[in-house]
Every structure is written in C-alpha cells, then in structure tokens.
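# Coordinate analysis (summary)
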Amino acid sequence: MYSRIIVPIAMDQLEHGEKVLERAKSLLDEGGEIILLNVVEDLNAYAQGYMIVDFPLEMIEASRKHAAQTLTDLKRKHGVKGRVEVRVGGAAGIINAFAEEMEGDLVIIASHRPGLIDYFIGSTASRVASHCKCAVLIDR
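Structure report, in brief.

About the criteria used
- Residues numbered from 1 in each chain as written.
- Predicted model: local features only at pLDDT ≥ 70, side-chain atom pairs only at ≥ 80, totals over all residues.
- Heavy atoms only, no water.
- Helix = DSSP H or I, 4+ residues; strand = E, 2+ residues; numbered from the N terminus.
- Core = buried A, V, L, I, M, F, W, Y, C linked by side-chain atoms within 4.5 Å.
- Buried < 20%, exposed > 50% of the residue type's maximum accessible area, 1.4 Å probe, protein only.
- Contact = heavy atoms within 4.5 Å.
- Expected span 1.5 Å × (residues − 1).
- Pairing = 2+ DSSP bridges.
- Right-handed = clockwise from strand over helix to strand, strands pointing away.

Another aspect to go through is unusual backbone geometry. Unusually for a residue other than glycine, Glu 103 sits at a positive phi of about 55°. Summarising the element assignment, Glu 103 is placed in the loop between α3 (91-101) and β4 (106-110).

This is the structure we're talking about:
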C-alpha cells in the first residue's frame, strides 16, 4: 500500500484517467493522499526552429483553469481524498520532478497503444517509467 500516489491525467484521456484513479484508491493506505496532476504542454517550448507559432498566454491559462476544474470535478465524483495540481511544461519531465518534489511513493500513469510517432520520440509513460525515482505503475 502507498501513502502518496501521483495520478497524472490527460484531458483527452479522461475515461482512462477515471479507471486509473479507481486503481489508485485501491492501493492507497488509510490516511494517505492521491494527487491528481495535469500537465498543460507549453508548445512554445518546442517551437525552437521547428515551427513559428506563438501560443498566447491566455490560451495556456485557459487550459490550466479547465484542467483544474475538470480534475476537481473528477476528485469529487470519485470521493478521492487528496488534491489537484496543474503544471505547465513537458509532461514526462514535469511528472518526474513533481513526484520527487512531493516525495511520492507511486505514480500511476495511463498508457495507450504506441503509434509510429511513439517509436521516434517515446511515449510519456515510457519516459516516466525510465526516469522516475519512485515506483511507477503503467495502466493500459
């Protein structure tokens, strides 16, 4: 059993996120906490020379607010004791740093079947599993 479980949830994978959240609840120690995490990708960070697109800060802030409300609703719906965090940046790096910062015991992350692009750049779940300092459970 675990006392602090980090559950990253992507806004485009909410159904899978709910399944992962239920699994986290079953693995949580009494008195433990689940932290629902969403990472809003900052696409401006990837634009260095590859594309000339500037995403307005308002768009990123709107995404942050939407994610925070969605995760708060999800937490309430599933009766989760814990909290919601939304960060901005690259998903895998933020998840790994957050797990270390929060001294997480376990990260439970949803994964999808890899597509061709995943073989070139790797999936978020793969990068989390490879570099996270705590236990990682990948749910497919």
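Back to the text.
Buried together is how nonpolar side chains tend to be arranged in soluble globular proteins. Counting 16 residues, the largest nonpolar core has Ile 6, Ile 95, Val 107 and Val 128 as its most contacted members. Elements with a minimum of two residues in this core: β2 (28-40), α3, β4 and α5 (124-131). Of the residues forming this core, the biggest block, five residues, is contributed by α3. With near-sequence residues (within four places) excluded, Ile 6 lies in contact with Ile 35, Leu 37, Phe 98, Ala 99, Met 102, Gly 104, Leu 106, Val 107 and Ile 108.

To continue, consider helix α1 (residues 14-27). Helical geometry note: an α-helix holds 3.6 residues per turn, so side chains three or four residues apart project in the same direction. Along its 14 residues, α1 runs 20 Å from first to last C-alpha, staying within 8% of the 20 Å computed at 1.5 Å per residue. Within α1 the residues assigned to the buried category are His 16, Gly 17, Glu 18, Val 20, Leu 21 and Ala 24. Where the residues of α1 are buried, they touch β1 (2-8), β2, α2 (57-77), β4 and β5 (135-139).

Attention now moves to the pairing of β2. Most of β2 is tucked away: 10 of the 13 residues are buried. Inspection of the sheet shows β1 paired to β2 by six bridges, in the parallel sense. Bridged to Pro 8 within β2 is Leu 37. Taking the sense of rotation as the criterion, the β-α-β connection linking β1, α1 and β2 turns out right-handed.

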